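This is what each chain is made of:
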Amino acid sequence: MTSTIRRTLLAAAAAWALVSATAGAAWAQETYPSKPIRVVVPYTPGGVSDTVTRLVMQGLGERLKTSMVVDNQPGANGQIGSSLVARSAPNGYTLLVVVAAHAINPSLYPKMTYSPLQDLRGVSEIGAIPMLMVSSAQLPPKDMKEFVAWAKANPNGATFASSGAGSGAHLTGELFAQTTGVPMMHVPYKGIAPALPDLFAGQIAFIFDSVQTMMPQVKAGKLRALAITGAQRWPAAPEVPTMAELGYPGMTGGSWIGLLAPAKTPQDVVDKLSAEMQKVLDTPEVHGRLIEYGIDPVGGTPAQFDAFIQSEARRWADVVKKANIRLE
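Residues numbered from 1 in each chain as written. Predicted model: local features only at pLDDT ≥ 70, side-chain atom pairs only at ≥ 80, totals over all residues. Heavy atoms only, no water.

### A few points about the overall build of the protein
Then, in step 1: Secondary structure assignment for the protein yields 11 helices and 11 strands.
Then, in step 2: With respect to the three principal axes, the spread of C-alpha positions in the protein is 95 × 40 × 35 Å.
Then, in step 3: Scored against the burial criterion, the 328 residues of the protein give a buried share of 50%.
Then, in step 4: Of the contacts formed within the protein by residues at least 6 apart in sequence, a portion of 78% connects residues at least 24 apart.
Then, in step 5: Surface exposure of the protein reaches about 15,000 Å², of which carbon and sulfur atoms provide 57%. (Helix = DSSP H or I, 4+ residues; strand = E, 2+ residues; numbered from the N terminus. Buried < 20%, exposed > 50% of the residue type's maximum accessible area, 1.4 Å probe, protein only. Contact = heavy atoms within 4.5 Å. Areas by Shrake-Rupley, 256 points an atom, 1.4 Å probe, with all protein chains shown as cover.)

### Details of the pairing of strand β7 (residues 185–188)
Then, in step 1: Two elements, strand β6 (residues 159–162) and β7, share four bridges in a ladder whose sense is parallel. Across the sheet, serine 162 pairs through a bridge with proline 188, a residue of β7.
Then, in step 2: Crossover β6 to β7 through helix α6 (residues 168–180) is right-handed. (Pairing = 2+ DSSP bridges. Right-handed = clockwise from strand over helix to strand, strands pointing away.)

### What about the pattern of salt bridges?
Then, in step 1: In total, this model carries seven salt bridges according to the counting rule given.
Then, in step 2: The partner of arginine 233 in a salt bridge is glutamate 245, and the shortest N-O contact between them spans 2.9 Å. Placement of the pair is arginine 233 in the loop between β9 (223–228) and β10 (255–262) and glutamate 245 in the loop between β9 and β10, with a sequence separation of 12 residues.
Then, in step 3: Take arginine 233: its relative accessible area is 37%, and that puts it in the partly exposed class.
Then, in step 4: Residue classification places glutamate 245 among the partly exposed positions, given a relative accessible area of 46%.
Then, in step 5: One salt bridge connects glutamate 276 with lysine 279, and the closest N-O pair in it is separated by 3.7 Å. You can see glutamate 276 and its partner lysine 279 sitting in helix α9 (residues 267–281), three residues apart, about one turn around the helix.
Then, in step 6: Each of Arg63, Glu276 and Lys279 takes part in salt bridges that share partners, so that together they form one network. (Salt bridge = Lys/Arg side-chain N within 4 Å of Asp/Glu carboxyl O.)

### Quick word on the pairing of strand β5 (residues 131–136)
Then, in step 1: With six of its six residues buried, β5 lies for the most part within the structure.
Then, in step 2: Note: β5 against strand β8 (residues 206–210), five bridges, orientation antiparallel. Among the inter-strand pairings, serine 135 is bridged to a residue of β8, identified as phenylalanine 206.
Then, in step 3: One ladder, built from five bridges, connects β5 with β9; its direction is antiparallel.

Taken by themselves, the reported measurements are silent on function.
Given below as C-alpha coordinates:
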(Lines give C-alpha, C1' and ligand atoms only; values in the text may rest on other atoms or scores of the structure.)
Protein backbone atom coordinates (compact mmCIF):
# COMPACT_ATOMS: atom_id res chain seq x y z
CA MET A 1 0.00 0.00 0.00
CA THR A 2 1.44 3.33 -1.02
CA SER A 3 1.79 6.18 1.43
CA THR A 4 -0.72 8.19 -0.63
CA ILE A 5 -3.37 5.48 -0.37
CA ARG A 6 -2.61 5.02 3.34
CA ARG A 7 -3.10 8.75 3.99
CA THR A 8 -6.34 8.73 2.03
CA LEU A 9 -7.72 5.81 4.02
CA LEU A 10 -6.69 7.37 7.34
CA ALA A 11 -8.34 10.65 6.38
CA ALA A 12 -11.51 8.81 5.37
CA ALA A 13 -11.52 6.89 8.65
CA ALA A 14 -11.07 10.08 10.66
CA ALA A 15 -13.89 11.76 8.75
CA TRP A 16 -16.17 8.79 9.35
CA ALA A 17 -15.34 8.78 13.05
CA LEU A 18 -16.23 12.47 13.27
CA VAL A 19 -19.53 11.93 11.44
CA SER A 20 -20.34 8.94 13.63
CA ALA A 21 -19.57 10.82 16.83
CA THR A 22 -21.66 13.79 15.74
CA ALA A 23 -24.52 11.55 14.68
CA GLY A 24 -24.22 9.59 17.91
CA ALA A 25 -24.44 12.74 20.02
CA ALA A 26 -27.43 13.97 18.03
CA TRP A 27 -29.10 10.57 18.32
CA ALA A 28 -28.50 10.52 22.08
CA GLN A 29 -30.05 13.96 22.45
CA GLU A 30 -33.03 13.05 20.26
CA THR A 31 -33.72 9.80 22.10
CA TYR A 32 -33.17 11.10 25.65
CA PRO A 33 -35.13 10.41 27.70
CA SER A 34 -36.28 6.91 26.88
CA LYS A 35 -37.57 6.07 30.38
CA PRO A 36 -38.90 7.87 33.50
CA ILE A 37 -36.64 10.37 35.27
CA ARG A 38 -36.26 10.31 39.04
CA VAL A 39 -36.14 13.74 40.69
CA VAL A 40 -34.92 13.68 44.28
CA VAL A 41 -36.13 16.39 46.65
CA PRO A 42 -33.98 16.28 49.80
CA TYR A 43 -36.76 17.75 51.95
CA THR A 44 -40.10 16.60 53.35
CA PRO A 45 -43.25 16.39 51.22
CA GLY A 46 -45.60 19.37 51.31
CA GLY A 47 -43.00 22.10 51.73
CA VAL A 48 -42.36 24.88 49.23
CA SER A 49 -39.45 23.07 47.57
CA ASP A 50 -41.56 19.94 47.14
CA THR A 51 -44.58 21.86 45.83
CA VAL A 52 -42.50 23.85 43.35
CA THR A 53 -40.70 20.72 42.17
CA ARG A 54 -43.96 18.93 41.42
CA LEU A 55 -45.32 21.94 39.54
CA VAL A 56 -42.23 22.44 37.38
CA MET A 57 -41.49 18.75 36.83
CA GLN A 58 -45.00 18.14 35.56
CA GLY A 59 -44.36 20.69 32.83
CA LEU A 60 -40.88 19.34 32.13
CA GLY A 61 -42.18 15.79 31.85
CA GLU A 62 -44.79 16.91 29.33
CA ARG A 63 -42.13 18.57 27.20
CA LEU A 64 -39.76 15.59 27.43
CA LYS A 65 -42.65 13.14 26.90
CA THR A 66 -41.73 11.05 29.93
CA SER A 67 -42.69 10.64 33.58
CA MET A 68 -40.90 12.71 36.23
CA VAL A 69 -40.97 10.69 39.46
CA VAL A 70 -40.51 12.96 42.49
CA ASP A 71 -38.75 11.16 45.35
CA ASN A 72 -38.52 12.88 48.78
CA GLN A 73 -35.35 11.95 50.66
CA PRO A 74 -35.21 14.39 53.63
CA GLY A 75 -32.58 14.72 56.33
CA ALA A 76 -29.36 16.42 57.39
CA ASN A 77 -30.22 19.78 55.86
CA GLY A 78 -30.54 18.25 52.41
CA GLN A 79 -27.42 16.09 52.57
CA ILE A 80 -29.08 12.66 52.50
CA GLY A 81 -30.91 13.13 49.21
CA SER A 82 -28.06 15.13 47.69
CA SER A 83 -25.52 12.44 48.53
CA LEU A 84 -27.74 9.84 46.90
CA VAL A 85 -27.85 11.77 43.62
CA ALA A 86 -24.14 12.61 43.74
CA ARG A 87 -23.42 8.86 43.72
CA SER A 88 -25.98 8.03 41.03
CA ALA A 89 -25.15 7.10 37.44
CA PRO A 90 -24.52 10.31 35.45
CA ASN A 91 -26.97 9.49 32.69
CA GLY A 92 -29.68 12.11 33.18
CA TYR A 93 -32.15 9.74 34.82
CA THR A 94 -31.52 10.84 38.42
CA LEU A 95 -31.75 14.57 39.12
CA LEU A 96 -31.80 16.70 42.26
CA VAL A 97 -33.68 19.81 43.33
CA VAL A 98 -31.84 21.98 45.86
CA VAL A 99 -32.21 25.29 47.65
CA ALA A 100 -29.59 27.73 48.95
CA ALA A 101 -28.47 25.25 51.63
CA HIS A 102 -26.69 23.34 48.85
CA ALA A 103 -24.13 26.15 48.53
CA ILE A 104 -24.02 26.84 52.26
CA ASN A 105 -23.50 23.29 53.59
CA PRO A 106 -19.79 23.00 52.65
CA SER A 107 -19.03 25.88 55.02
CA LEU A 108 -21.17 24.54 57.84
CA TYR A 109 -20.28 20.85 57.82
CA PRO A 110 -16.55 20.04 57.85
CA LYS A 111 -17.16 16.32 57.27
CA MET A 112 -19.43 15.58 54.33
CA THR A 113 -19.69 12.29 52.44
CA TYR A 114 -19.75 14.10 49.09
CA SER A 115 -18.71 17.45 47.63
CA PRO A 116 -21.74 19.58 46.73
CA LEU A 117 -19.66 21.79 44.43
CA GLN A 118 -17.68 19.03 42.69
CA ASP A 119 -19.93 15.96 42.61
CA LEU A 120 -22.99 17.76 41.24
CA ARG A 121 -23.46 20.17 38.35
CA GLY A 122 -26.08 22.79 37.59
CA VAL A 123 -28.86 22.22 35.09
CA SER A 124 -31.06 25.27 35.60
CA GLU A 125 -32.02 27.70 38.33
CA ILE A 126 -35.76 27.44 38.79
CA GLY A 127 -36.16 30.69 40.69
CA ALA A 128 -34.92 33.24 43.21
CA ILE A 129 -36.69 33.48 46.56
CA PRO A 130 -36.41 36.97 48.09
CA MET A 131 -36.72 37.05 51.85
CA LEU A 132 -38.90 39.43 53.79
CA MET A 133 -37.53 40.98 56.98
CA VAL A 134 -40.35 41.41 59.47
CA SER A 135 -40.33 42.70 63.04
CA SER A 136 -42.82 42.25 65.84
CA ALA A 137 -45.65 44.77 65.84
CA GLN A 138 -45.32 44.80 69.64
CA LEU A 139 -41.99 46.62 69.39
CA PRO A 140 -41.63 50.41 68.86
CA PRO A 141 -39.80 50.51 65.48
CA LYS A 142 -42.06 51.12 62.50
CA ASP A 143 -39.43 51.13 59.73
CA MET A 144 -35.86 50.01 59.07
CA LYS A 145 -34.18 53.21 60.24
CA GLU A 146 -36.06 53.09 63.54
CA PHE A 147 -35.37 49.37 63.91
CA VAL A 148 -31.59 49.69 63.52
CA ALA A 149 -31.53 52.59 66.00
CA TRP A 150 -33.65 50.59 68.44
CA ALA A 151 -31.40 47.52 68.07
CA LYS A 152 -28.33 49.61 68.85
CA ALA A 153 -30.01 51.02 71.96
CA ASN A 154 -31.41 47.63 73.06
CA PRO A 155 -28.72 45.02 72.35
CA ASN A 156 -30.34 42.44 74.62
CA GLY A 157 -33.61 42.76 72.73
CA ALA A 158 -32.16 42.47 69.24
CA THR A 159 -32.98 38.80 68.79
CA PHE A 160 -33.86 37.01 65.59
CA ALA A 161 -35.45 33.64 64.97
CA SER A 162 -34.85 30.97 62.36
CA SER A 163 -36.06 27.50 61.44
CA GLY A 164 -32.78 26.09 62.77
CA ALA A 165 -29.03 26.64 62.96
CA GLY A 166 -27.53 26.86 59.49
CA SER A 167 -30.84 27.62 57.79
CA GLY A 168 -31.25 30.39 55.25
CA ALA A 169 -33.11 32.51 57.80
CA HIS A 170 -30.24 32.05 60.27
CA LEU A 171 -27.49 33.08 57.88
CA THR A 172 -29.48 35.98 56.44
CA GLY A 173 -29.96 37.24 60.00
CA GLU A 174 -26.23 36.91 60.64
CA LEU A 175 -25.49 38.77 57.40
CA PHE A 176 -27.84 41.57 58.49
CA ALA A 177 -26.06 41.85 61.85
CA GLN A 178 -22.69 41.96 60.10
CA THR A 179 -23.94 44.51 57.55
CA THR A 180 -25.35 46.90 60.16
CA GLY A 181 -22.55 46.34 62.66
CA VAL A 182 -25.13 45.71 65.40
CA PRO A 183 -24.68 42.57 67.54
CA MET A 184 -27.83 40.42 67.37
CA MET A 185 -28.64 37.12 69.05
CA HIS A 186 -29.85 34.13 67.06
CA VAL A 187 -32.64 31.99 68.54
CA PRO A 188 -33.16 28.74 66.56
CA TYR A 189 -36.53 26.99 66.46
CA LYS A 190 -37.62 23.67 64.99
CA GLY A 191 -39.31 25.32 62.05
CA ILE A 192 -40.82 28.74 61.38
CA ALA A 193 -44.28 27.96 62.81
CA PRO A 194 -43.03 27.45 66.41
CA ALA A 195 -41.25 30.81 66.25
CA LEU A 196 -44.29 32.84 65.29
CA PRO A 197 -45.99 33.08 68.74
CA ASP A 198 -42.81 34.51 70.30
CA LEU A 199 -42.43 36.88 67.36
CA PHE A 200 -46.04 38.05 67.68
CA ALA A 201 -45.54 38.64 71.42
CA GLY A 202 -42.35 40.66 70.92
CA GLN A 203 -40.10 38.16 72.68
CA ILE A 204 -38.29 37.80 69.35
CA ALA A 205 -37.51 41.03 67.51
CA PHE A 206 -37.36 39.95 63.87
CA ILE A 207 -37.06 37.16 61.33
CA PHE A 208 -36.27 36.66 57.65
CA ASP A 209 -38.60 34.39 55.73
CA SER A 210 -40.54 34.10 52.48
CA VAL A 211 -43.03 36.69 51.30
CA GLN A 212 -45.66 33.98 50.99
CA THR A 213 -45.28 32.99 54.66
CA MET A 214 -44.95 36.42 56.26
CA MET A 215 -47.16 38.83 54.30
CA PRO A 216 -50.43 37.35 55.67
CA GLN A 217 -49.14 38.04 59.20
CA VAL A 218 -48.17 41.57 58.18
CA LYS A 219 -51.64 42.20 56.74
CA ALA A 220 -53.16 40.83 59.96
CA GLY A 221 -51.26 43.48 61.92
CA LYS A 222 -49.12 41.01 63.89
CA LEU A 223 -45.83 41.86 62.14
CA ARG A 224 -44.26 44.82 60.36
CA ALA A 225 -42.57 44.38 56.99
CA LEU A 226 -39.30 46.32 57.06
CA ALA A 227 -37.56 45.30 53.84
CA ILE A 228 -37.24 42.68 51.14
CA THR A 229 -33.93 41.20 49.97
CA GLY A 230 -34.95 41.01 46.30
CA ALA A 231 -33.39 43.16 43.62
CA GLN A 232 -36.79 44.78 43.06
CA ARG A 233 -39.92 45.35 45.10
CA TRP A 234 -42.25 42.36 45.14
CA PRO A 235 -45.53 42.63 43.18
CA ALA A 236 -47.60 41.35 46.11
CA ALA A 237 -45.97 43.81 48.53
CA PRO A 238 -45.09 46.94 46.48
CA GLU A 239 -45.05 49.13 49.57
CA VAL A 240 -42.09 47.23 51.10
CA PRO A 241 -38.70 48.76 50.14
CA THR A 242 -35.74 46.68 49.03
CA MET A 243 -32.63 46.40 51.19
CA ALA A 244 -30.68 48.21 48.47
CA GLU A 245 -33.10 51.14 48.58
CA LEU A 246 -32.50 51.40 52.31
CA GLY A 247 -28.73 51.53 51.89
CA TYR A 248 -27.87 47.83 52.28
CA PRO A 249 -27.00 46.59 48.76
CA GLY A 250 -25.01 43.69 50.24
CA MET A 251 -28.28 42.25 51.54
CA THR A 252 -29.69 41.73 48.04
CA GLY A 253 -30.33 38.08 47.32
CA GLY A 254 -32.01 35.54 49.54
CA SER A 255 -32.72 31.90 48.88
CA TRP A 256 -33.23 30.08 45.58
CA ILE A 257 -34.22 26.74 44.11
CA GLY A 258 -32.72 24.86 41.19
CA LEU A 259 -32.15 21.58 39.38
CA LEU A 260 -28.86 19.64 39.48
CA ALA A 261 -27.43 16.45 37.97
CA PRO A 262 -24.44 14.23 38.82
CA ALA A 263 -21.21 15.96 37.80
CA LYS A 264 -20.34 13.69 34.86
CA THR A 265 -23.75 13.84 33.19
CA PRO A 266 -23.16 14.41 29.44
CA GLN A 267 -23.29 18.02 28.30
CA ASP A 268 -25.90 17.36 25.60
CA VAL A 269 -28.25 15.83 28.16
CA VAL A 270 -27.78 18.72 30.58
CA ASP A 271 -28.27 21.25 27.78
CA LYS A 272 -31.49 19.56 26.67
CA LEU A 273 -32.88 19.53 30.21
CA SER A 274 -31.96 23.19 30.68
CA ALA A 275 -33.50 24.30 27.38
CA GLU A 276 -36.77 22.50 28.08
CA MET A 277 -36.81 23.83 31.65
CA GLN A 278 -36.59 27.38 30.30
CA LYS A 279 -39.62 26.77 28.12
CA VAL A 280 -41.55 25.46 31.13
CA LEU A 281 -40.63 28.49 33.27
CA ASP A 282 -41.66 30.83 30.46
CA THR A 283 -45.21 29.47 30.28
CA PRO A 284 -47.75 31.92 31.78
CA GLU A 285 -49.24 29.24 34.05
CA VAL A 286 -45.96 28.13 35.68
CA HIS A 287 -44.57 31.67 35.79
CA GLY A 288 -47.72 32.92 37.53
CA ARG A 289 -47.85 30.06 40.02
CA LEU A 290 -44.21 30.58 41.01
CA ILE A 291 -44.86 34.28 41.66
CA GLU A 292 -47.77 33.24 43.90
CA TYR A 293 -45.35 31.02 45.84
CA GLY A 294 -43.02 34.00 46.35
CA ILE A 295 -40.50 32.80 43.76
CA ASP A 296 -39.12 34.87 40.90
CA PRO A 297 -38.63 32.51 37.88
CA VAL A 298 -35.05 32.59 36.56
CA GLY A 299 -33.98 29.73 34.26
CA GLY A 300 -30.69 30.25 32.42
CA THR A 301 -27.96 27.95 31.15
CA PRO A 302 -26.11 25.24 33.11
CA ALA A 303 -22.93 27.37 33.03
CA GLN A 304 -24.78 30.36 34.45
CA PHE A 305 -26.26 28.27 37.25
CA ASP A 306 -22.88 26.72 38.10
CA ALA A 307 -21.27 30.16 38.28
CA PHE A 308 -24.10 31.39 40.50
CA ILE A 309 -23.73 28.43 42.89
CA GLN A 310 -19.99 29.05 43.18
CA SER A 311 -20.57 32.73 43.96
CA GLU A 312 -23.19 31.82 46.57
CA ALA A 313 -20.79 29.37 48.20
CA ARG A 314 -18.14 32.08 48.51
CA ARG A 315 -20.63 34.62 49.82
CA TRP A 316 -22.05 32.46 52.58
CA ALA A 317 -18.66 30.98 53.50
CA ASP A 318 -17.61 34.51 54.44
CA VAL A 319 -20.73 35.00 56.58
CA VAL A 320 -20.24 31.64 58.31
CA LYS A 321 -16.59 32.39 59.03
CA LYS A 322 -17.30 35.82 60.51
CA ALA A 323 -20.12 34.44 62.64
CA ASN A 324 -17.98 31.44 63.68
CA ILE A 325 -20.77 28.94 62.91
CA ARG A 326 -19.96 25.22 62.89
CA LEU A 327 -22.35 22.31 62.71
CA GLU A 328 -21.65 18.61 63.05
